[in-house]
Amino acid sequence: MSVLILAIESSCDDTSAAVVRDGVVLSNCVASQEAHRLYGGVVPEVASRAHQVHLIPVVDQALKEAVIEKTALSAIAFTRGPGLMGSLMVGVSFAKAMGLALHIPLIDVNHMRAHILAHFAEDPKPEFPFLSLTVSGGHTQLVVVRDFFEMTIIGQTIDDAAGEAFDKTGKLLGLDYPAGPLIDQLAQNGQPKFPFPEPKIEGLDFSFSGLKTSILYFLRKQIKAQPDFIQENLADICASVQHRIITILLNKLEQAVAQTGIKRVALAGGVSANSALRDGLKERALANQWEAFVPKFAYCTDNAAMVGVTAYYKYLIGQFAAQDVAPSPRLSMTL
Amino acid sequence: MALILSIETSTEYCSVVIGNQGQQIAVAESETPMSHATELTLLINACCQQSDYTLDQLDGISVSIGPGSFTALRIGLSTAKGIAYALDKPLVAISSLLIQANRSRLFRQSETETETNILYIPMIDARRMEVYTAYFNNKLEVVSPPKALILEKNSFDPLRKKYDKVILCGNGAIKAGTLYTDPFFEYGPKNIHANAMIQLAEKAWKTKQFADLAYVEPYYLKPPNITKPKKIL
């Protein structure tokens, strides 16, 4: 008998559903919310409202694409946290009700672990142990992954996440939200000629708030001398900011490899879609003889496939959630 | 003639009933405030066990659609959608204000038949002195549609000419108690409960007033409260 899991992800502003059979992704559907562009960031109440109307169409599409009947499902998986409370609430409540109605078990999934385990959706899969650099709009973590369920954070941001640094820079430059992909695109035609400082943080932790401030002051100063400075130098500014963020990330990763002796490294999270980060990792891997794993684009941003894959491994060891499970916006990595 | 599960989550306590042909056959309610996320499906399960019916035997699901607490409404509707979608059951959405008015009417049934000139004013707390409210006559027809109202001493004075009495009910009526004390005002039940949904759900089911399962949203009554930053650089 194969294990068929319907997975639901609604932790932030994307509503996603996936069907996974024996750890293999049959379908992975995502509905993104355009409404947040107007506000320059995710508005939690707007996101919660949108999930409510996106969820059934997305779940329905995922089941249709996989050609799976609801009654054939073995379990329902969902992101329990971390994420936005209102957003999580919609997906978790819906998933629990489906589980109850279909008399099948629930599997709660940690969103940050799921980003890492997305590497197990397809070959080549990394062998354990490996180091994951998980970078998104809400997180920046260096994680030692010893097993599907044994993960240790050895470094993380002490203030902003790397993705936040992209988005906040975008806001200063007048770019639409989310700014990450736009900065990536604009940077292709620019040179990293403006120097921004690398924060001096002890150990393997990160900091991006100082960088954000230095960008702000830099822009203010330049605009005073030349009002259209941003328009004239947009590509170079983007290239410079991106270059700095990525060197901060990769320098810490290199330090983590040296410290742990683990030379198998993987990228995870939304920012792993950034072309400069992907290329940068490959370059350093080549230079240092690391084995590098870069996720498929579909598995970088928030998606339910990674939730379904993670749930499959939990299913195999019988780790189910009870019906009293509730969203956990600040769910820690150890759970 | 229908077997319907009704879910009410518009305020700090949630409740669930199963009605069969308009009669209550199972009931369960939360005892801890704001415990919808953990308790709701357990309450539904408890109702199934009490009634000896399983969810797949239901003819439909009914849900209190709001107005009320945004998060609480989302939990109720997402849960109702999950069951209805999983088992291909029709969904009935009922106004929380109508449920509250009906609850008040059920409480004073015998009087209601003789009084024609009364108004039910259900109120759902919307923080500070604000409530969500609508006016219903004694046949539960809408006299004034739902709105958000900041309660003031004279808020209901225009009604005095036309009506003999108004019945204030719902959790918003708790804070109304100090403002409206003369005999024109009568107070009904302050809590809302799924048991006042049974007949409303049965009626809606019979007349096939079903919600669009995928796209129905809670009746928020208010847009999201968003402030845009003015200065960027």
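Cut-offs used in this document
Residues numbered from 1 in each chain as written. Chains lettered and ligands numbered in written order. Predicted model: local features only at pLDDT ≥ 70, side-chain atom pairs only at ≥ 80, totals over all residues. Heavy atoms only, no water. Buried < 20%, exposed > 50% of the residue type's maximum accessible area, 1.4 Å probe, protein only. Helix = DSSP H or I, 4+ residues; strand = E, 2+ residues; numbered from the N terminus. Pairing = 2+ DSSP bridges. Axes fitted to C-alpha atoms, helices over the stretch in contact; angles between N-to-C directions. Left-handed = near helix turned anticlockwise from the far one by under 90°. Contact = heavy atoms within 4.5 Å. Nonpolar A, V, L, I, M, F, W, Y, C, P; charged D, E, K, R; others polar. Polar contact = N/O pair within 3.5 Å; in protein donor to acceptor, adjacent residues only side chain to side chain. Domains from an automatic or database assignment. Buried area = accessible area lost by both parts, 1.4 Å probe. Salt bridge = Lys/Arg side-chain N within 4 Å of Asp/Glu carboxyl O.

Visitor: Before we go on, may I ask you to explain the pairing of strand E7 (residues 130-136) of chain B in this structure?
Guide: Two faces make up the sheet, and in a regular strand the side chains alternate between them. All names here are of chain B. The element E7 is extensively covered by neighbouring structure, given that seven of its seven residues are classed as buried. Both faces of E7 are covered, namely the face carrying Glu130, Tyr132, Ala134 and Phe136 and the face carrying Val131, Thr133 and Tyr135. Sheet topology places strand E6 (residues 118-125) next to E7; four bridges connect them, and they run antiparallel. Bridge pairing in E7 links aspartate 125 to valine 131. If you look at the hairpin formed by E6 and E7, you'll find four residues sitting between the two strands, and arginine 127 has a positive phi there, around 70°. Two strands pair when backbone bridges link them, and E7 and strand E8 (residues 142-150) are joined in this way by six bridges, in the antiparallel orientation. Bridge pairing in E8 links glutamate 130 to isoleucine 150. Hairpin connection between E7 and E8: a loop of five residues separates the two successive antiparallel strands, and leucine 140 in this loop has a positive phi of roughly 65°.

Visitor: Which parts of the structure should I look at to understand the packing of helix H2 (residues 85-102) of chain A against helix H2 (residues 70-87) of chain B?
Guide: For any two helices packed against each other, the geometry is given by the interaxial angle and the distance between the axes. One way to put it is that H2(A) packs onto H2(B) with a least axis distance of 7 Å and a crossing angle of 35°. The element H2(A) and its partner H2(B) pack so that their crossing is right-handed. Contacts from Gly86(A), Met89(A), Val90(A), Ser93(A), Phe94(A), Ala97(A), Met98(A), Ala101(A) and Leu102(A) in H2(A) reach Thr71(B), Arg74(B), Ile75(B), Ser78(B), Thr79(B), Lys81(B), Gly82(B), Ile83(B), Tyr85(B), Ala86(B) and Leu87(B) in H2(B). Class assignment for the residues of the contact of H2(A) with H2(B) results in twelve nonpolar, six polar and two charged.

Visitor: Before we go on, may I ask you to explain the side chain of Ser132(A) in this structure?
Guide: Residue and element names in this part refer to chain A. Along the polypeptide, serine 132 turns up in strand E6 (residues 130-135). Within the structure, the side chain of serine 132 is placed 3.1 Å from the side chain of threonine 134, a separation counted as a polar contact. Leaving out residues up to four positions away in the same chain, serine 132 has contacts with Ile116, Gln141, Leu142, Val143, Val145, Ala266 and Ala268.

Visitor: Mind showing me how you'd approach the domain arrangement of chain A here?
Guide: Interface extent is often summarised as the accessible area lost during association of the parts. Residues and elements named next belong to chain A. Splitting chain A by domain gives domain 1 (4-116 + 299-316) and domain 2 (128-295). Domain 1 and domain 2 are separated by 27 Å when their C-alpha centres are compared. Listed as interface residues are 17 residues of domain 1 and, on the opposing side, 22 residues of domain 2. Carbon and sulfur atoms supply 71% of the area that domain 1 and domain 2 bury against each other, a total of about 1,600 Å² over both sides. Residue arginine 37 is joined to aspartate 176 by a salt bridge in which the shortest nitrogen-to-oxygen separation is 4.0 Å. At the junction of domain 1 and domain 2, the tally comes to two residue pairs in polar contact (both at pLDDT 80 or more). Elements that contribute at least two residues to the side of domain 1 that touches domain 2 include exactly helix H3 (111-117) and helix H9 (304-316). It is H3 that provides the largest number of residues to the side of domain 1 that touches domain 2, a total of four residues. Classifying every residue of the side of domain 1 that touches domain 2 by side-chain character gives eight nonpolar, five polar and four charged.

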